[in-house]
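# Summary of structural features
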Amino acid sequence: MTKISLPKNFLWGGAVAAHQLEGAYNVGGKGLSVADVMTAAGNRDERTITQGVQDGEFYPNHVGIDFYHQYPADVKLFAEMGFKCFRTSIAWSRIFPQGDELEPNEEGLKFYDRLFDECLKYHIEPVVTLSHFEMPYHLVTEYGGFRSRKVVTFFTRFAQAVFERYQDKVKYWLTFNEINNQSNYDRAFTLFTNSGIKIKPGENAEAVMYQAGHYEVVASSLAVQLGHQINPDFQIGAMIAMSPVYPATDKPADILKAQRAMQARFWFSDVQVEGAYPTWLTRYFAAKGYDLDITPADLANLKRGKVDYLGFSYYMSFATAASDHEDPQFSYNESTDLVTNQYVPQSDWGWQVDPEGLRYSLNWLNDRYHLPLFIVENGIGAIDELTPDHQVHDDYRITYLRDHIEQMELAMQEDGVPVMGYTPWSAIDIVSASTGQLSKRYGFIYVDRNDDGSGSLARYKKDSFYWYQHVIATNGADL
Ligand code: BG6
């Protein structure tokens, strides 16, 4: 490869989400969110979703890493690494504690004023996700989450409040984090965190997911329209989990299966980018007998509220194979239809590590959407060891990130893919979303907190901190 030269304004940074690090779950008028009723699980177990907060259960997000109180020192460390941007989310239930109030909570708004000001002090551009697995829990119990069209109104009210408030502080926005996780509709975690939905016995989870997904893409399109009215300079993106699905073999049925899997995973961004439903999907609804609430006004809004760029996370690739009894729709069920890819290794949590899949993904998304792309998550969850002299030798993390950045640079340099920035997951150790563990660490900064809630919460720089600092300082030329 010829020597890399990334754009001068390339957005190097790091990413987190409010519920995974802020803690202070009931401070400053904050209401409960869906993240506050999930317990901790072990490696590869699912977190339990409880009915409200139960005595005797442990909820790791309640304390997080106490970023709510410690953010000035943490942002200073981000600045020391050279971050140009910092991706976080606004906890919806800090601003609208129940979700259905008419007026926002001033104390919640003030917290993000302070946080964004702290970032801007160091010329760190905030990149803000509106909804990152943080729906107010009251919207779940009272409205069934995004089963209800009313939640579209509550979401747009929230979006309007924060767009107006932070219009001079935040330029880059993302509407719904990994909106397409719920294409794995059989997994309780994804429907609950994306949409605040619990499936009832006997229900067709796929149909429920498509209805909720529709309301969310409509909510996203309304937010985009509002945001552009409030500040025409806003850049508002969609955000998907980009795990490309490869066919397990060159058998034509496997290829058709993988194609359908990609269609089923990425219809959300198809709609958010194109402003219209893909034809295969409207046929699919008819074939399955799904009679969804999709109005002409919704379709008009989708057209009017197309996103400006596409944000995505990339951790791994998937592979799938057709079964012997494939139906004509090649229906994809992510809980049962994935197979192991023998050509790539796996992380300790079974995630398939595939750096070249990032180059593939960047090309695939560029060919499909023709929009600027922003890698807003990429990283590896691993067990780190803090040495007695407070060091963490995380060469495996450096290897993972270096291999992925290399592929990103190849996609940019060799293939001409427009990438706006790169914010690895995570800026600092935080609570894992899927397991609730602290020991599934992603950060450049070690936080002394353990899975059982013990630890001093002290911060220590890992080897990867210094490595990434150098990557940013050389604008990606020296990995
Ligand atoms: C993404 C989410 O799914 O991956 C993050 O946007 C999450 O919230 C990250 O933390 C890593 O996943 P996990 O489950 O290992 O924390």
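Residues numbered from 1 in each chain as written. Predicted model: local features only at pLDDT ≥ 70, side-chain atom pairs only at ≥ 80, totals over all residues.

### Overview of the overall build of the protein
Stated precisely, the cut-off is as follows: Secondary structure follows DSSP: runs of H or I at least 4 residues long count as helices, runs of E at least 2 residues long count as strands, and numbering of each begins at the N terminus. In this setup the radius of gyration rests on C-alpha atoms only. A globule is expected at 2.2 Å times the number of residues raised to 0.38. Exposure classification rests on a simple neighbour count of other C-beta atoms within 10 Å of a residue's own: a residue reaching 20 or more is buried, one at 12 or fewer is exposed, and one in between is partly exposed. C-beta atoms are placed from the backbone. Remark: residues whose backbone-derived C-beta atoms lie within 7 Å of one another are considered to be in contact.
Broken down by element type, the protein carries 14 helices and 13 strands. Its C-alpha atoms give the protein a radius of gyration of 21 Å, within 12% of the compact-globule value 23 Å for 479 residues. In terms of principal-axis extent, the alpha carbons of the protein reach across some 60 × 55 × 50 Å. Per-residue burial for the protein yields a buried fraction of 51% across its 479 residues. Considering only residue pairs separated by 6 or more positions, the protein has 77% of its internal contacts joining residues 24 or more positions apart.

### Observations concerning the nonpolar core
Soluble globular proteins tend to bury their nonpolar side chains together. Just so we agree on the cut-off: Each nonpolar core reported here comprises buried Ala, Val, Leu, Ile, Met, Phe, Trp, Tyr and Cys residues connected via C-beta atoms within 7 Å.
In this structure, I90, I240, F312, L373, M408 and I428 are the most contacted members of the largest nonpolar core, which totals 133 residues. The element that contributes the greatest number of residues to this core is helix α8 (residues 205-230), accounting for 11 residues. If we skip the residues at most four places from it in the chain, F312 touches M239, I240, M242, L365, L373, I375 and V376.

### Focus: the site of the ligand
As a reminder, the rule being used: Each residue gets a C-beta atom placed from its backbone. Should that atom fall within 6 Å of a molecule or strand, the residue is termed near it. Charged residues are taken to be Asp, Glu, Lys and Arg, nonpolar residues to be Ala, Val, Leu, Ile, Met, Phe, Trp, Tyr, Cys and Pro, and polar residues to be all remaining types, Gly included.
Neighbouring the ligand are 14 residues; A17, G381, S432, A433 and S434 lie closest to it. By residue class, the composition of the shell around the ligand is four nonpolar, seven polar and three charged.

### Describing the sheet that holds strand β3 (residues 125-131)
Under the convention used in this document: Strand pairing requires that DSSP identify at least two bridges connecting the strands. Note on geometry: axes are lines fitted to C-alpha atoms, helical ones only across the stretch in contact, with angles between N-to-C directions running from 0 to 180 degrees.
Taken in spatial order, the eight strands close into a barrel running β1-β2-β3-β4-β5-β7-β10-β11, and their pairing is parallel. Averaged over all adjacent pairs, the angle separating strand axes in this sheet is 30°, with direction ignored. Pairing of strand β4 (residues 172-176) with strand β5 (residues 235-241), which is carried by three bridges, proceeds in the parallel orientation. Looking across to β5, one finds that Y172 is bridged to Q235. Relative to β4, α8 is tilted by about 155°, and along the sheet it contacts β3, β4 and β5.

### A few points about the sheet that holds strand β8 (residues 318-320)
Ordered in space as β6-β8-β9, the three strands form an open sheet in which the pairing is mixed. On the outer flanks of this sheet lie β6 (245-247) and β9 (338-339), each paired with one strand and no other. With two bridges joining them, β8 and β9 adopt antiparallel strand pairing. Residue pairing in the sheet places T320 in a bridge with L338 of β9.

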